[in-house]
Structure formats: C-alpha cells, structure tokens
Amino acid sequence: MFIDTHCHLSKGDYDIDKLIDECKNNGVDTLIISGCDKKGINEGLEIIEKYANVYMTIGFHPSEVDTTTDEDLIWLEELIKKHKKIVGIGEIGLDYYWVKDNKEKQRLLFEKQLKLAEKLNMPIVIHSREATQETFDILKKYSLKGIIHCYSGSKEMAREYIKLGYYLGIGGVLTFKNSNLCDVVKEIPLESITLETDSPYLAPTPHRGEKNSPEYIPLIAEKIAEIKEKTIEEVGLITTNNACTLFDLKSHM
Ligand code: NI
C-alpha cells in the first residue's frame, strides 16, 4: 500500500530482516534504496538480491565529485544493464551547501549522469541543495523523468518542476512544526507526489532526531492526508501508483 521511494539502508546499521517485517506490518511493502557512493552501491546490491520487495537507484552524489572517475561511470552503466532491480539513476545533482568550491566539477558529473539516464532511458532521483535555480536550468535541457528528492523549495518552483514532468519527493520534514512544505503540499496534486523517508536521516515527528526508518512512511502519508483532506488510503494508493509508473516497477520484478 505504501512505497518508500528513497532510503539508505546501508548507512543506518539496520537489522534488515526485522526492518522489512516491520515495514510490512505498517503497510510499507516496497522500498527503493539509494546507493550514491561506491560503498553504498555495493552494499545495496546485496540487499536487493536478498529481498524481493527492495529495489535500488544508483548514482554518484555531488559529495563524491572529487573521487568519481569516468571508469566509475562505466561501472555504473554496466551495473544498470546487468541488474534488473536497479530502477533509476540517483541520487545525483548539485549541493552548494556541503561542497561549494567545485561547482563546475559538480555540474559536469551531474550532466554526465543525466546523459547516461537519457542513453539508458532511466528515471532519475535529484539531490539539490542551495542550487535550486541551477538544478532546474540544467534539468530543463533534458527530457527526463524523475523525483526531486526531499523537495524543499517554493510553491512556484514546485509547479515548474511538475510542468517539466517531475514528481516531488515528500518526507519527514513535512511533519516538523511550522514546516513551510505544508503550503507546497496543499498546492500540488497528489498525482505529483512520491513518499520517501531518506532513512536514516530526517525522521518524522514524533521520532524527530532519532534514526529514521522506512516503516515511518505512514506518518508522512497521514500528514499529507490531513493537509489535502483525503484518506490515508487514497494517499497510499495514488503515491504508490506514481512510484510504480515512474520506475516501471512491473518490468523490474
Ligand atoms: Ni538520500
């Protein structure tokens, strides 16, 4: 009934057997993990091979810009061709908050991976921090589909992304007190929203500050249901459908 479209299970030291059970108990029956550095990708591959309901996106995060080579991108391409359960490229993008002294290199790595997505016809998962306009201007040049992961921009920007054909990834931040994401969610259709936890980061209220888990997805869905005056079931149904459509999950089973 729910899909967590973005979590990092390799980073949180999880008991994954237990976590998958708890997710199922909470109606979170599919997870898409994000491998965004070499270690995360290798660990993620083991997880998707073991668990039927876990898929993965892979790509080099902007924080990996200084160590990622062209050979690494070839490796990425080979993995995508080889592994059926890799469903997208990401998270990729620009981060001018943590790394700001190598903007040009970041843009280059980002665009190389966008070109790869184009070549392989894969959806993308975008990380954008303090680089909103620039990320948008780059994405405008490509005709790709994907998720703006952990969306935190304005209503206006949200509309622009939706026009381009992107979904907005909404996570635990929505449940924080005075979150301005509430206004964004009010404005945009459910048909443009995907649910995500970004575990182990950004746990929703009442777990804020603790280690996050995909099992908390219903807390985010509940908040969306409240804002949009829908039932939590409707939120589950539509956002699950959005994720299945974007990642074409049926063809990756
Ligand atoms: Ni992430």
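Residues numbered from 1 in each chain as written. Predicted model: local features only at pLDDT ≥ 70, side-chain atom pairs only at ≥ 80, totals over all residues. Heavy atoms only, no water.

**Some words on the pairing of strand β2 (residues 28-35)**
Within a regular strand, the side chains alternate between the two sheet faces.
No. 1: Of all the 8 residues making up β2, 7 are buried; the element is thus mostly covered by neighbouring parts of the structure.
No. 2: Of the pairings in the sheet, the one linking strand β1 (residues 2-7) to β2 comprises 4 bridges and is parallel in character. Bridged to Cys7 within β2 is Ile33.
No. 3: The β-α-β motif built from β1, the intervening helix α1 (residues 16-25) and the parallel element β2 has right-handed crossover chirality.
No. 4: Two strands pair when backbone bridges link them, and β2 and strand β3 (residues 54-58) are joined in this way by 5 bridges, in the parallel orientation. Considered in β3, the bridge of Leu31 is made with Val54.
No. 5: For the crossover from β2 across helix α2 (residues 38-50) to β3, the handedness is right-handed. (Buried < 20%, exposed > 50% of the residue type's maximum accessible area, 1.4 Å probe, protein only. Helix = DSSP H or I, 4+ residues; strand = E, 2+ residues; numbered from the N terminus. Pairing = 2+ DSSP bridges. Right-handed = clockwise from strand over helix to strand, strands pointing away.)

**Some words on the coordination of the nickel ion**
No. 1: For the nickel ion, the protein coordination sphere consists of His6 (NE2), His8 (NE2), Glu91 (OE) and Asp198 (OD), at 2.1 to 2.3 Å.
No. 2: With 4 donor atoms in place around the nickel ion and angles of 84 to 177 degrees between them, the coordination shape is irregular.
No. 3: Along the chain, the residues donating to the nickel ion fall in the pattern H-x1-H-x82-E-x106-D. Pair noted here: His6 is in strand β1 and Glu91 is in strand β4 (residues 86-95), with a separation of 85 residues, a long-range link. Like Glu91, His6 is buried. (Donors = N, O, S within 2.8 Å, 3.2 Å for Na, K, Ca; no water. Tetrahedral: all angles 85-135°; square planar, octahedral: opposite > 155°, others 65-115°.)

**Let's talk about the pattern of salt bridges**
No. 1: In the structure shown here, the tally under the stated rule is 13 salt bridges.
No. 2: Through salt bridges with shared partners, one network takes in Glu77, Lys81 and Lys119. (Salt bridge = Lys/Arg side-chain N within 4 Å of Asp/Glu carboxyl O.)

**Here we look at the pairing of β3**
No. 1: Within β3, 5 of the 5 residues are buried, leaving the element largely enclosed by the surrounding structure.
No. 2: Summarising the sheet, β3 and β4 pair through 3 bridges and their orientation is parallel. Of the residues in β4, the one forming a bridge with Thr57 is Gly88.

**Some remarks on the packing of aromatic side chains**
No. 1: Applying the stated rule across the entire model yields 4 aromatic pairs.
No. 2: Ring plane angle 90 degrees and centroid distance 5.0 Å describe the contact between Tyr97 and Trp98, whose orientation is recorded as edge-to-face.
No. 3: Among the residues examined, Tyr97 registers a relative accessible area of 35% and is labelled partly exposed.
No. 4: We classify Trp98 as exposed; its relative accessible area is 63%.
No. 5: The interplanar angle of 80 degrees and the centroid separation of 5.2 Å between the aromatic rings of Phe136 and Tyr161 together place this pair among those described as edge-to-face. Note that Phe136 is positioned in helix α5 (residues 132-139) and Tyr161 in helix α6 (residues 155-164), a separation of 25 residues in sequence. Like Phe136, the residue Tyr161 is buried in the burial classification.
No. 6: Members of the aromatic cluster, each reached through a chain of ring pairs, are Phe136, Tyr151, Tyr161 and Tyr166.
No. 7: Directly above the aromatic system of Tyr97 lies the positively charged group of Arg129, at a separation of 3.7 Å from the ring centroid. (Phe/Tyr/Trp six-rings, centres within 6.5 Å; stacked < 30°, edge-to-face > 60°. Lys NZ or Arg CZ within 6 Å of the ring centre and 35° of its normal.)

**Some thoughts on the environment of Ile86**
No. 1: Relative to the helices and strands, Ile86 is located in strand β4.
No. 2: With near-sequence residues (within four places) excluded, Ile86 lies in contact with Leu45, Ile48, Met56, Ile58, Leu79, Ile80, Met122 and His252. (Contact = heavy atoms within 4.5 Å.)

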